Amino acid sequence: MTDLLHTRTDGPEDGPVLVMLGSLGSTLEMWEPNIPALAGHFRVIRMDHLGHGGSPNPPGPYTMRTLAEAVLATLDSLGVDRVHWCGLSLGGMVGMYLGSEHPDRIARLVLCCTSSNFPDPSIWRQRIEAVEAGGTAGIAPGVVERWFTPEWAEKHPDVVERAVGWVSDTPDDGYIACCEAIEVWDHRDRLGAVTAPTLVIAGDEDKPTPVEPHARTIAAGIPGAHLEVLHGGHLATLESAEETNHLLLGHLT
């Protein structure tokens, strides 16, 4: 994998590096509410997944290894070796993979609203078929509806509209290729190989990856992992940004 990911960097060039990678269908803009607090302490490198945002869109299918190797190639190109990692949903899955398969690259790990496997992978086949039928624009409103709690979404229609745009603007084939990576994802037997100190963050109203069984499975499987539950939907790090920043600074500094 030689495709380098689209990145945006904030904070001091000589600071410890924190990589942030988001959800399927999002762009690096999803971390905007977290940057002001974090960039004072870290060189924050945000990335778009393969097939997303400003990143290349090579032919699929992808695996989690494909997505992780694109991250590593990008970090190598930036001259960055060891990093703190904060990933949400698909970004958390990539973080789990790196934590177990490339432990020398991960100093501390934060896994947000994510999963080590899906007991019913048919949901991903249905999602693929929906995108094949109507494109990412066709699924965008329904996807984003699950990202935020209804009361928060009602108060922040501008954010909801922007998030619908992230999904709608994701290339159909890039989105599908990432769905194919998630469809076969089962990392439960490798969680014990993660050596980085790990914080697991969950949203109390996260429908795609609820606390039970997803967050608790990860927290129980990674040695010494600590679980925190915030109020929010699937993008709880955005919905409860201030609380997220407090947890990140406590875990990473």
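Before reading further, recall that the structure is shown in the block above.
Since the model is a prediction, treat every value here as computed from it, not as a measurement.

Asker: Mind showing me how you'd approach the side chain of T136 here?
Answerer: Within the secondary structure, T136 sits in helix α4 (residues 122–145). Engagement of the side chain of T136 in a polar contact is seen with the backbone oxygen of T170, the distance being 2.9 Å.

Asker: How do you make sense of the packing of α4 against helix α6 (residues 157–169) when you look at a structure like this?
Answerer: Two quantities define a packed helix pair, namely the angle between the helix axes and the distance between the axes. With their axes 8 Å apart at the nearest point, α4 and α6 run at an angle of 140° to one another. Our classification of the angle between α4 and α6 gives oblique. α6 is crossed by α4, and the crossing has right-handed handedness. Across from T136, A137, I139, A140, P141, V143 and V144 in α4, the residues of α6 making contact are V160, A163, V164, V167 and S168. Within the contact of α4 with α6, the residues separate by chemical class into ten nonpolar, two polar and no charged.

Asker: Would you take a moment to explain the pattern of salt bridges for this structure?
Answerer: When charged atoms on two side chains of opposite charge get close, those side chains can pair. Per the counting criterion, the structure on display carries eleven salt bridges. Residue R65 pairs with E69 through a salt bridge whose shortest N-O separation is 2.7 Å. Here R65 pairs with E69, and both are found in helix α2 (residues 64–77), just four residues apart, close to one helical turn. Residue class for E69 comes out partly exposed when judged on its relative accessible area of 28%. Residue R190 pairs with E101 through a salt bridge whose shortest N-O separation is 2.8 Å.

Asker: Would you mind showing me how to read the packing of aromatic side chains here?
Answerer: Centre distance and the angle of the planes are the two values used to describe a pair of aromatic rings. Considering all chains together, one arrives at three aromatic pairs under this definition. For the ring pair W147 and W166, a centre distance of 6.4 Å and an interplane angle of 45° mean the geometry is tilted. One end of the pair, W147, is in the loop between α4 and α5 (150–155); the other, W166, is in helix α6, and 19 residues separate them in sequence. W147 gets classed as buried once you look at its relative accessible area, which sits at 2%. Residue classification places W166 among the buried residues on the basis of a relative accessible area of 5%.

Asker: Can you walk me through the sheet that holds strand β3 (residues 43–47) in this structure?
Answerer: Hydrogen bonds between backbone groups are what pair the strands of a sheet, and the pairing can be parallel or antiparallel. Spatially, β1-β3-β2-β4-β5-β6-β7 is the arrangement adopted by the seven strands of the open sheet, whose pairing is mixed. Sheet topology places β1 (7–10) and β7 (226–230) at the edges, where each strand pairs with a single neighbour. Between one strand axis and the next, the sheet turns by 20° as a mean value, whatever way the strands run. Relative to β7, strand β6 (residues 198–203) runs parallel, the two sharing five bridges. The partner of A202 across the bridge, within β7, is V229. Together, β1, β2 (17–21), β3 and β4 (83–88) form the strand contacts of α2, whose direction differs from that of β3 by roughly 140°.

Procedures and definitions
Along each chain, numbering runs from 1 in the same order as the chain's sequence is written. Per-residue local features are limited, in this predicted model, to residues with pLDDT of at least 70; the limit for side-chain atom pairs, both in listing and counting, is 80 or more; totals at the level of whole chains, interfaces and linings are taken over all residues. Side-chain numbers come from the whole structure's heavy atoms, not from hydrogens or water. Runs of E in the DSSP output that reach at least two residues are strands. Runs of H or I that reach at least four are helices, and both are numbered from the N terminus. Polar contacts, as counted here, are pairs of nitrogen or oxygen atoms within 3.5 Å of one another; within protein the pair requires one atom able to donate a hydrogen and one able to accept it, and residues that are adjacent in sequence qualify only if both atoms are side-chain atoms. The convention used is that axes are lines fitted to C-alpha atoms, helices contributing only their stretch in contact, and that angles between N-to-C directions extend from 0 to 180 degrees. Small angles under 35 degrees read as roughly parallel and large ones over 145 as roughly antiparallel, with 65 to 115 read as roughly perpendicular and the rest as oblique. Each crossing gets its hand from how the near helix is turned against the far one by less than a right angle, where anticlockwise is left-handed and clockwise is right-handed. By definition, residues are in contact when any of their heavy atoms lie within 4.5 Å. Residues are grouped as follows: Ala, Val, Leu, Ile, Met, Phe, Trp, Tyr, Cys and Pro are nonpolar; Asp, Glu, Lys and Arg are charged; all remaining types, including Gly, are polar. A pair is scored as a salt bridge if a Lys or Arg side-chain nitrogen falls within 4 Å of a carboxyl oxygen belonging to Asp or Glu. Categorising residues by exposure relies on relative accessible area from a 1.4 Å probe, with only protein chains included: less than 20% of the type maximum marks a residue as buried, more than 50% marks it as exposed, and the intermediate range marks it as partly exposed. Aromatic rings from Phe, Tyr and Trp, with only the six-membered ring used for Trp, were paired whenever their centres fell within 6.5 Å, and each pair was classed as stacked if the ring planes differed by under 30 degrees, edge-to-face if by over 60, and tilted otherwise. DSSP bridges decide pairing: two strands pair if at least two such bridges lie between them.

Everything listed is a geometric property; what it means functionally is a separate question.
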